[in-house]
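Structural features, examined
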Amino acid sequence: MRSAVMAMLMTLGCLDPSLAQTRDQQRESLRGLQGVEVVVEDIKPDAQMDGLSQESIRSTVELILRSKGIRVLTQAERSETVSKPLLYVSVGTDKQTSGQYSFSVRVELYQAVSLVQRPQQVTSAPTWFTPGKLRTVPPQNVRLWIINAIEPLIREFVSDFLAVNPR
């Protein structure tokens, strides 16, 4: 029962009410960005014990970005930019009693935004996101399974970024 509830919650987490935003609008929101800071969600201890780490995910993401000419900003550099672009990689894991993992992965780009009626009030919101992925995998090589699920999401971001910011 716990696994079924977790799977439902993870599935709902992959859905987003802002799906009305078109792919073109998302892509266009990337125009003019000089780079992004990469932030990876905290990894649960059981997944860490099975070999998954924030650093391995961050390294993979940053390698893909840099290899395509996209600048990876430090936190200080990001805070100095007008749009404050932050590429957030979300990895949710749940180790089931069988030993298998249910996991969800999602990638979102957050930027500084304001409301039309109150432009002086600035907040952060996702302007680009992937639908996310949900899978159940064995504990062996859980790191590899999750990295392999994240890579196509990052490549999708890179493709959209380069479409509006040619190098």
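Provided above is the structure to which this section pertains.
Please read all numbers here as calculations on a predicted model, not as lab measurements.

**Side note on the overall build of the protein chain**
- A tally of regular secondary structure across the protein chain gives six helices and five strands.
- Mapped from its N terminus to its C terminus, the protein chain presents α and β elements in the order α-α-β-α-α-α-β-β-β-β-α.
- Scored against the burial criterion, the 167 residues of the protein chain give a buried share of 40%.
- Long-range pairs, those at least 24 residues apart, make up 70% of the contacts in the protein chain between residues at least 6 apart in sequence.
- Looking at the protein chain as shown, the accessible area adds up to about 9,100 Å², and 56% of this sits on carbon and sulfur atoms.

**Let's talk about helix 4 (residues 54–67)**
- Taking 1.5 Å as the rise per residue, helix 4 with 14 residues should run 20 Å; its terminal C-alpha atoms sit 20 Å apart, in good agreement.
- Residues of helix 4 that are buried sit in contact with strand 1 (37–40), strand 2 (86–95) and helix 6 (142–164).
- At the exit of helix 4 stands Gly69, carrying a positive phi of roughly 85°.

**Points about unusual backbone geometry**
- Backbone geometry places Lys84, a non-glycine residue, at a positive phi of 50°.
- Following the sequence through the fold, Lys84 ends up in the loop between helix 5 (75–80) and strand 2.
- Classification of Lys84 as partly exposed rests on a relative accessible area of 32%.
- For Asn141, which is not glycine, the phi dihedral falls at a positive 60°.
- Its place among the elements puts Asn141 in the loop between strand 5 (133–137) and helix 6.
- With a relative accessible area of 53%, Asn141 lands in the exposed category.

**A few points about the side chain of Ser90**
- Inspection of the secondary structure assignment puts Ser90 in strand 2.
- A distance of 3.2 Å separates the side chain of Ser90 from the side chain of Glu41, its partner in a polar contact.
- Discounting chain neighbours no more than four positions away, the residues touching Ser90 are Glu41, Ser104, Val105 and Arg106.

**Examining the environment of Ser104**
- Note that Ser104 resides in strand 3 (residues 101–115).
- The exposure class of Ser104 is buried, given its relative accessible area of 12%.
- Taking the C-alpha atoms as reference, Ser104 lies 5.4 Å from Lys133; in sequence the two are 29 residues apart.

**Quick notes on the pattern of salt bridges**
- Within the structure shown, the criterion is met by eleven salt bridges.
- Note that Arg27 is salt-bridged to Asp24, the shortest N-O span being 3.0 Å. Taken together, the residues Arg27 and Asp24, both in helix 2 (residues 23–28) and three residues apart, mark about one turn of the helix.
- Residue classification places Arg27 among the partly exposed positions, given a relative accessible area of 24%.
- Asp160 is paired through a salt bridge with Arg27; the nearest N and O atoms lie 3.1 Å apart. Note that Asp160 is positioned in helix 6 and Arg27 in helix 2, a separation of 133 residues in sequence.

**Some points on the packing of aromatic side chains**
- Across all of its chains, the model carries three aromatic pairs by this definition.
- Geometrically, the ring pair formed by Trp128 and Phe157 is edge-to-face, given 5.2 Å between the ring centres and 80° between the ring planes. Taken together, the positions of Trp128 in strand 4 (residues 118–129) and Phe157 in helix 6 put the pair 29 residues apart, joining distant regions of the chain. For the pair shown, Trp128 and Phe157 are each scored as buried.
- Look at Phe157 and Phe161: their rings are 5.8 Å apart centre to centre, the planes differ by 45°, and that puts the pair in the tilted class. Placement of both Phe157 and Phe161 in helix 6 is noted, with a separation of four residues, approximately one turn of the helix.
- The class of Phe157 is buried, set by a relative accessible area of 0%.
- Connected via pairs of aromatic rings, a cluster forms that spans Trp128, Phe157 and Phe161.

Definitions and cut-offs
Residues numbered from 1 in each chain as written. Predicted model: local features only at pLDDT ≥ 70, side-chain atom pairs only at ≥ 80, totals over all residues. Heavy atoms only, no water. Helix = DSSP H or I, 4+ residues; strand = E, 2+ residues; numbered from the N terminus. Buried < 20%, exposed > 50% of the residue type's maximum accessible area, 1.4 Å probe, protein only. Contact = heavy atoms within 4.5 Å. Areas by Shrake-Rupley, 256 points an atom, 1.4 Å probe, with all protein chains shown as cover. Expected span 1.5 Å × (residues − 1). Polar contact = N/O pair within 3.5 Å; in protein donor to acceptor, adjacent residues only side chain to side chain. Salt bridge = Lys/Arg side-chain N within 4 Å of Asp/Glu carboxyl O. Phe/Tyr/Trp six-rings, centres within 6.5 Å; stacked < 30°, edge-to-face > 60°.

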